[in-house]
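# Coordinate analysis (summary)
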Amino acid sequence: MTTRALLFVCLVPLLARAETPAHLAGRVTDDAGRPVVGALVTARHLALARETTVYADADGRWAMPPLEPGRYHVRARRPGFRDRTHVVDLAGATLVSSVLVLERETDPRELAWQLPANRWLALAVAHLPDDAAREEFLRQCTFCHQQGSWATRVQRDPEEWRKLFVLMARMGGILSTRVRSALPEALNAAYDESSYVPALGEHFAPPPPPDAVAAHAVITEWEVGGTGSMQHDITVHPDGRIYSADTTQDKLYRLDPRTGERRTFDIPRGDSPLGGVFTVMQPIPANADAHVAPHSLQVAPDGSIWITLCLGNKIARFDPRTEQFEIFLQEDGLYPHTLRFDARGRAWYTLAVSNQVAMIDPQSGERRTYRLPARTWGETFAVRAVPWLLWLGRWVPFNPEGGGDAPQLPIPYGIDIAPDGAVWVSQLNARRIGRLDPETGDIRLVDTPFAAPRRLRFDSQGHLWIPGFSSSVLARFDPPTGAFRTWDLPTEPRGTETPYALNVDRRTDTVWICGTQSDTLIRFEPASERFTVYPLPTRVTYTREIEFGPGGAVWTSNSNLPAWQIEGALPKVIRLEPDGAGTGSATLARN
């Protein structure tokens, strides 16, 4: 191999002091000296378990925000090329200039494996018989993880597939007999080398580089938890610290991005057994230890953190000042899910399994539960039967896979509060959204013209924005007129994105959407109807909740389950600064 084909680094120390912030910059080229536009350059601080990423511009140039002294692994990555990594010591230097030379990848199999999960998902979807089967597969088989690693792209014999489908069903991914019967052949065909190598490798088409709008973004990732963790949701506290709920380990994490400090708090389990109230139906994944399973969390007006404990059927309140928990039992309904606060400081949350919405008022202690209407008598029976199945399962083996052909649970999922105080929810399986009047208790349900509405949010003008999880769309609903408008998400091939959630920055009404299958975050500007795609540096990045922090920073987490499928085998808390490191940045850590 020639010297030109290797990564080389030219170090230029200038007037350095060990405690002085360092600046790392340079250029990414191919072995002919041409710029590698859109390359992701990542500097990993080994001691802090933190990675900072920027994009190479049209000339291949890149520049990190100021970094603290220390040892870094600097990696350049762009699909179509082989990754290059070099160790750089920044101690004692205020400027390090690095020229990163990438060698083109020529092996079609390796090229295919560089592509994000949505490209592989498209192969499987193409082998299913019709649109209804494809929608069901997307909705039921991707809600916990990507088709993003070797473990999800393995050919298996029918019996092995059957065992996996049973496991999925016990964790909520229940397939109809028709789709369950078609999937083994479809998946084996899609993931056969004779299929994916020609489709993805020999006809390799890399994702487009970030456009000029995205070019100045800075992405920071902090490893939080372990290989058995699931960083399901995050929230940004007004004091600048980030809280993350670890669903599989019953823990609450706190990250201070200004210092890199991480704290772990064990959530009290009380008498909840392993698996909680669903222990007879829902097995625990390997390395997991979930008794209560924290899921969604939000900051209350008084600064406390409220958390839904879905398997424990409880709600938790955490006081950051005293670092103490208070636990509330959910006596009516099952599976506390997504939680939001209204203007009066009341916590509203969905009860996903029992088709209900609940409220708790921290000031008065008042609690209410509202049952949402089911579409059919079959849905009503399915919802009412769950508590009996849980009771019966203590003595009789229960296989939820058999329910795939029965009426499905509607699954109240996302929830948000409108500017007028009304509570809106989505029903994932029922293709409906609904409005609950918090004063009268009146409920109105609206059918959506797309499948699988998930985590929805209001903008400042009262428009409701909704991600279509299995339909790969962004939707806007106008409550006064009842009108919907949809946009296809820009992920290619179209229809292969599975947007788990979105959020609206109400300062600008910009919509941010999870690129859950494509390792991206997606920005949508309603006035210009413009999408901007931000590639994320870690492969198998399954994002869920999106929050906003100081300086316009966008926060999320890598929540793939299991975490060991993530590149690096650890979950991460992620910050994207669209305009570069500014007032929201805390790249320098002081230990």
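Look up a bit, the structure's there.
What counts and how
- Residues numbered from 1 in each chain as written.
- Predicted model: local features only at pLDDT ≥ 70, side-chain atom pairs only at ≥ 80, totals over all residues.
- Heavy atoms only, no water.
- Helix = DSSP H or I, 4+ residues; strand = E, 2+ residues; numbered from the N terminus.
- Buried < 20%, exposed > 50% of the residue type's maximum accessible area, 1.4 Å probe, protein only.
- Core = buried A, V, L, I, M, F, W, Y, C linked by side-chain atoms within 4.5 Å.
- Contact = heavy atoms within 4.5 Å.
- Axes fitted to C-alpha atoms, helices over the stretch in contact; angles between N-to-C directions.
- Parallel < 35°, antiparallel > 145°, perpendicular 65-115°, else oblique.
- Left-handed = near helix turned anticlockwise from the far one by under 90°.
- Nonpolar A, V, L, I, M, F, W, Y, C, P; charged D, E, K, R; others polar.

With omega at -5°, the peptide bond leading from Glu492 into Pro493 counts as cis. Among the secondary structure elements, Pro493 is positioned in the loop between β28 (483–488) and β29 (502–505). Pro562 follows Leu561 through a cis peptide bond whose omega is 10°. Counting through the fold element by element, Pro562 comes out in the loop between β34 (554–557) and β35 (572–577). With a phi angle near 60°, Ala452 is a residue other than glycine that sits in the positive phi range. Looking at where Ala452 falls in the secondary structure, it is placed in the loop between β24 (443–447) and β25 (457–458). We note that Asp509 has phi near 65°; this positive angle belongs to a residue other than glycine. Within the secondary structure layout, Asp509 lies in the loop between β29 and β30 (510–515). For Asp509, a relative accessible area of 12% puts it in the buried group.

Trp512 and Leu576 are the most contacted members of the largest nonpolar core, which has 39 residues in total. Apart from the residues lying within four places of it in its own chain, the contact partners of Trp512 are Ala501, Leu502, Asn503, Leu521, Ile522, Arg523, Tyr534, Ile546, Phe548, Val554, Leu576 and Pro578. Residues Leu121, Leu128, Cys141 and Tyr196 belong to the second largest nonpolar core, which totals 24 residues.

At a closest axis distance of 10 Å, the pairing of helix α2 (residues 117–126) and helix α3 (residues 131–141) adopts a crossing angle of 140°. For the element pair α2 / α3, the angle class is oblique. Viewed along their axes, α2 and α3 form a crossing whose handedness is right-handed. Residues Leu121, Ala124 and Val125 of α2 lie in contact with α3, whose contacting residues are Arg134, Phe137 and Leu138. Tallied by class, residues from the contact of α2 with α3 come to 5 nonpolar, no polar and 1 charged.

Now for the environment of Phe81. Following the sequence through the fold, Phe81 ends up in the loop between β5 (71–77) and β6 (84–89). Given a relative accessible area of 8%, Phe81 falls into the buried group. Put simply, Phe81 and Ser518 are 437 residues apart on the chain and 18 Å apart in space, counted from C-alpha to C-alpha. Sequence-distant contacts of Phe81, defined by excluding residues within four places in its chain, comprise Asp30, Val36, Leu102, Glu103, Arg104, Glu105 and Gln114.

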